[in-house]
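# Structural overview
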Amino acid sequence: MEDRTRDNHLENIWPEIEKMVAGLNDGMPEAFEMLGVTLSKYMKTLEQTDMYMAVVFELLPFDTQQKMLADPRVETSTTVLASLKRLRS
């Protein structure tokens, strides 16, 4: 992809990126789910997706992680969130 095309694409989707980052920073499981589902479409295996989503989770502040894991919807997560919660118990 040309640099200019890449720049234009990022500029067009930047509002969505900001919403996603805000949701992750606010500990919203929906934002984590959306990112995980999207990432899984591009990864070769579920294990790769889980690894990268676990890295994203670990980069979040501790309080944000706790808030996300405390949400009851975590148990029905299609991402690695439920596993992370069990590992943290």
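To keep things clear, this report deals only with the structure shown in the data block. Just so it is clear, the structure is predicted and the values come from calculations on it, not from any experiment.

What counts, and at which threshold
- Residues numbered from 1 in each chain as written.
- Predicted model: local features only at pLDDT ≥ 70, side-chain atom pairs only at ≥ 80, totals over all residues.
- Heavy atoms only, no water.
- Core = buried A, V, L, I, M, F, W, Y, C linked by side-chain atoms within 4.5 Å.
- Buried < 20%, exposed > 50% of the residue type's maximum accessible area, 1.4 Å probe, protein only.
- Helix = DSSP H or I, 4+ residues; strand = E, 2+ residues; numbered from the N terminus.
- Contact = heavy atoms within 4.5 Å.
- Expected span 1.5 Å × (residues − 1).
- Bend = angle between axes of the 7 residues up to and from the residue.
- Patch = residues over 30% accessible without salt bridge, like charges linked within 9 Å, V, L, I, M, F, W, Y side chains within 5 Å.
- Areas by Shrake-Rupley, 256 points an atom, 1.4 Å probe, with all protein chains shown as cover.
- Salt bridge = Lys/Arg side-chain N within 4 Å of Asp/Glu carboxyl O.
- Lys, Arg positive; Asp, Glu negative; His and termini not counted.
- Charge placed at Lys NZ, Arg CZ, Asp CG, Glu CD.

## A short note on the nonpolar core
- Leu24, Phe32, Phe57, Met68, Leu81 and Leu84 are the most contacted members of the largest nonpolar core, which totals 15 residues.
- Elements represented by at least two residues in this core include exactly helix H1 (3-25), helix H2 (29-40), helix H3 (46-59), helix H4 (62-70) and helix H5 (81-88).
- Apart from residues lying up to four places away in sequence, Phe32 is in contact with Leu24, Met53, Val56, Phe57, Met68, Thr79, Val80 and Leu81.

## What about H1?
- For H1, spanning 23 residues, the distance from its first C-alpha to its last is only 29 Å, which falls clearly below the expected 33 Å at 1.5 Å a residue.
- The sharpest bend along H1 reaches about 55° and sits at Ile13, with the proline Pro15 one to four residues further on.
- Along H1, the residues classified as buried are Met20, Gly23 and Leu24.
- Buried residues in H1 make contact with H2 and H4.
- At the C-terminal side of H1, Gly27 shows a positive phi close to 75°.

## Focus on a negative patch on the surface
- Among the surface-exposed residues, Glu2, Asp3, Asp7 and Glu11 lie close enough to one another that they form a single negatively charged patch.
- With respect to the secondary-structure elements, Glu11 resides in helix H1.

## Notes on the side chain of Thr49
- With respect to the element layout, Thr49 can be found in helix H3.
- Accessibility expressed as a relative area gives 4% for Thr49, which makes it buried.
- Residues contacting Thr49, with those up to four places away along its chain left out, are Gly36, Leu39, Ser40 and Met43.

## Considering the environment of Ser77
- Along the chain, Ser77 turns up in the loop between H4 and H5.
- As for Ser77 and Pro29, which are separated by 48 residues in sequence, their C-alpha atoms are 8.2 Å apart.
- Setting aside residues up to four positions removed in sequence, Ser77 forms contacts with Glu33 and Ala82.

## Some points on the pattern of salt bridges
- Counted by the stated rule, this structure contains 5 salt bridges.
- Here Glu58 ties to Arg88 by a salt bridge, and the two come within 2.3 Å at their closest N and O atoms. You can see Glu58 sitting in helix H3 and its partner Arg88 sitting in helix H5, a full 30 residues away along the chain.
- Put simply, Glu30, Asp71 and Arg73 are held in one network by salt bridges that share partners.

Just distances and angles here, no functional claims.
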